[in-house]
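Working through the structure, step by step
Residue strings, one per chain:
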Amino acid sequence: MAQISVRQATKIYKGGVKAVDNVDLSIENKEFMVLVGPSGCGKSTTLRMIAGLEEITDGKIWIGNRLVNDVPAKDRDIAMVFQNYALYPHMSVFENMSFGLRLRKYPKHEIIRRVQEATEILGIKHLLDRRPRQLSGGERQRVALGRAIVRKPQAFLFDEPLSNLDAKLRVQMRTEIHKLRLRLQTTFVYVTHDQTEAMTLGDKIAVMKDGKLQQCTDPMTIYDKPINKFVASFIGSPPINLMTGRIIKREKKYYFDEGRFQVKLVEDMYTPISAYEGKEIIFGIRAEDIYDKLFVGEASQENTIRAVCEVVEPMGSEVYLYLNSGKNTFVARVGAHNRPEVNRDMDLVLDMSKVHFFDAQTEKTIV
């Protein structure tokens, strides 16, 4: 078990391509850190630099109290689980799981004990004699996890381990990884492009874009207080609704003017937003913060808008409404009982205490 510290880490490939740009990360002992972002954002490269599979161009990486920049991957006391499982097809499950221990000349009785312990944790004791081709995707992933567990490393590194599994199995394996983390009580660093995995698994989430770290904090702070437009739009499903408009002032009150509607800001926003009076701004509101007025007890006309419901998409316990204000399209997530008529106007109430504003030039959060 160990703290991992990444300081001003940079990776530049031949041709001057900067995959990771001056990234700082502090991963505490026993913490579950998730690196998330779109393809090509540098998250896997960052993980591979921690693992020692990519040479760091600049910066420093510590695992525990040891600077590991020049330490080979095999000597860093970490275990890595890959997207494609990386199992030897000609070996049995037992042989795959014990391979690393046998290379390190562990006593036979210790190898057997560790493998048995790991298979009991993962529920794959009955698979020890099988070859990888005889296993399902979920079983192969459990074997890959077991091979990491038997090492008893200081930290586990996961590189998109669930991306090859179907949706139902991904949900199941997320639960298994969470249980495993609680049982092993060690440090986890997990890379994914799936924001649902990031939100459900991580103690902290590090959001990356174009090789740069955008924001790193706990999941709910990322969701409720994104530092910029990119973080707000990347985290959340469906993505946050974004509209461009202007801030106007009328009778000592501030409003967001979208062009087809105006909504009043809550007073807590007046001070930071006053500098943007008359200027273009980006307005963001999440789908769950938009309500059908028919189901709202009391609603002010100053936070009620009218839009056309173009699509009603039942999702079981909830319904997605795809709406058009005449200038912008946006989504509302409402209760399952709410089924408005398609292609009809409807009144919607916006929870103005939950909205986000972003600078139109810098895209940084204002409120």
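Residues numbered from 1 in each chain as written. Predicted model: local features only at pLDDT ≥ 70, side-chain atom pairs only at ≥ 80, totals over all residues. Heavy atoms only, no water.

Further remarks concern the overall build of the protein chain. Across its full length, the protein chain carries nine helices and 20 strands. With respect to the three principal axes, the spread of C-alpha positions in the protein chain is 80 × 45 × 35 Å. Residue burial in the protein chain is summarised as follows: out of 367 residues, 49% are buried. Contacts spanning at least 24 positions in sequence make up 65% of the contacts within the protein chain whose residues lie at least 6 apart. Total accessible area on the protein chain stands at roughly 17,700 Å², and carbon and sulfur atoms take up 47% of it. If the 54 positive side-chain charges of the protein chain are averaged to one point and the 47 negative ones to another, these points end up 7 Å apart. (Helix = DSSP H or I, 4+ residues; strand = E, 2+ residues; numbered from the N terminus. Buried < 20%, exposed > 50% of the residue type's maximum accessible area, 1.4 Å probe, protein only. Contact = heavy atoms within 4.5 Å. Areas by Shrake-Rupley, 256 points an atom, 1.4 Å probe, with all protein chains shown as cover. Lys, Arg positive; Asp, Glu negative; His and termini not counted. Charge placed at Lys NZ, Arg CZ, Asp CG, Glu CD.)

Take the pattern of salt bridges next. Per the stated rule, a full pass over the model turns up 21 salt bridges. Here E117 makes a salt bridge to K152, at a shortest N to O gap of 3.8 Å. Of this pair, E117 sits in helix 3 (residues 108-122) while K152 sits in the loop between helix 4 (137-149) and strand 7 (155-159), and the two are 35 residues apart along the sequence. For K152, a relative accessible area of 41% corresponds to the partly exposed category. Between K125 and E120 there is a salt bridge whose closest N-O contact spans 3.1 Å. Here K125 falls in the partly exposed class, since its relative accessible area comes to 44%. Counted as one network, the salt bridges with shared partners bring together E110, R113, R114, E117 and K152. (Salt bridge = Lys/Arg side-chain N within 4 Å of Asp/Glu carboxyl O.)

What follows concerns helix 3. For helix 3, built from 15 residues, the straight-helix expectation of 21 Å at 1.5 Å per residue is met to within 8% by its first-to-last C-alpha distance of 21 Å. All of the buried residues along helix 3 are E110, I111, R114, V115, A118, T119, I121 and L122. Down the axis, helix 3 shows its buried residues gathered within 160 degrees of arc, on one side only. Exposed residues lying more than 90 degrees from the buried face of helix 3 are K108, H109 and E120. Here the buried face of helix 3 lies against helix 2 (93-103), helix 4 and helix 5 (167-184). (Expected span 1.5 Å × (residues − 1). Arc of directions from axis to C-beta.)

On to the environment of D351. Take D351: it is sitting in the loop between strand 19 (344-350) and strand 20 (356-359). Along the backbone, D351 and L265 are 86 residues apart, and their C-alpha atoms lie at a distance of 9.9 Å. Leave out the neighbours within four places in its chain, and D351 touches I285, D289 and Y291.

This paragraph deals with the nonpolar core. Ranked by internal contacts, the top residues of the largest apolar core, which has 45 residues, are V36, M97, L145, Y190 and V207. In this structure, L265, I305, V319 and F357 belong to the second largest nonpolar core, which totals 31 residues. (Core = buried A, V, L, I, M, F, W, Y, C linked by side-chain atoms within 4.5 Å.)

Within the open sheet, the five strands sit side by side as 13-12-11-14-20. Their pairing is antiparallel. Every interior strand has two partners, whereas the edge strands, strand 13 (262-264) and strand 20, have only one. Within this sheet the neighbouring strands show an average axis-to-axis angle of 40 degrees, counted without direction. (Pairing = 2+ DSSP bridges. Axes fitted to C-alpha atoms, helices over the stretch in contact; angles between N-to-C directions.)

Examined against the element boundaries, T187 turns out to sit in strand 8 (residues 187-192). In this structure the side chain of T187 is engaged in a polar contact, spanning 3.1 Å, whose partner is the backbone nitrogen of K30. (Polar contact = N/O pair within 3.5 Å; in protein donor to acceptor, adjacent residues only side chain to side chain.)

Turning next to the pairing of strand 8. In terms of residue burial, strand 8 counts as a mostly covered element, since six of its six residues are buried. The side-chain alternation of strand 8 yields two buried faces, one formed by T187, V189 and V191 and the other by F188, Y190 and T192. Strand direction decides the pairing type here: strand 3 (residues 32-36) and strand 8, joined by five bridges, are parallel. The partner of V34 across the bridge, within strand 8, is Y190. Bridging between strand 7 and strand 8 involves five bridges; their strand directions are parallel. Looking at the pairing, D159 lines up with V191 of strand 8. As a crossover connection, the stretch from strand 7 through helix 5 into strand 8 is right-handed. (Right-handed = clockwise from strand over helix to strand, strands pointing away.)

What follows is about the confidence of the model for the protein chain. The predicted model of the protein chain has a mean per-residue pLDDT of 93, with 100% of residues at 70 or higher. The least confident element of the protein chain is helix 5, whose mean pLDDT is 86; the most confident is strand 10 (residues 212-217), at 98. (pLDDT = per-residue confidence, 0-100.)

Note that strand 9 (residues 204-209) and strand 10 share five bridges and pair antiparallel. By the bridge assignment for strand 10, I205 is matched with T217. Remark: two residues form the turn of the hairpin made by strand 9 and strand 10, two consecutive strands paired antiparallel; D210 in that turn has positive phi of roughly 50 degrees.

This next bit is on the packing of helix 2 against helix 3. Two elements in contact, helix 2 and helix 3, have axes whose closest approach is 10 Å; the angle formed by their N-to-C orientations is 130 degrees. Between helix 2 and helix 3, the crossing angle belongs to the class labelled oblique. Considering how the two elements wind past one another, helix 2 and helix 3 form a crossing that is right-handed. Along its contact with helix 2, which presents F94, M97, S98, L101 and R102, the element helix 3 presents I111, I112, R114, V115, A118 and T119. Taken together, the residues of the contact of helix 2 with helix 3 sort by class into seven nonpolar, two polar and two charged. (Parallel < 35°, antiparallel > 145°, perpendicular 65-115°, else oblique. Left-handed = near helix turned anticlockwise from the far one by under 90°. Nonpolar A, V, L, I, M, F, W, Y, C, P; charged D, E, K, R; others polar.)

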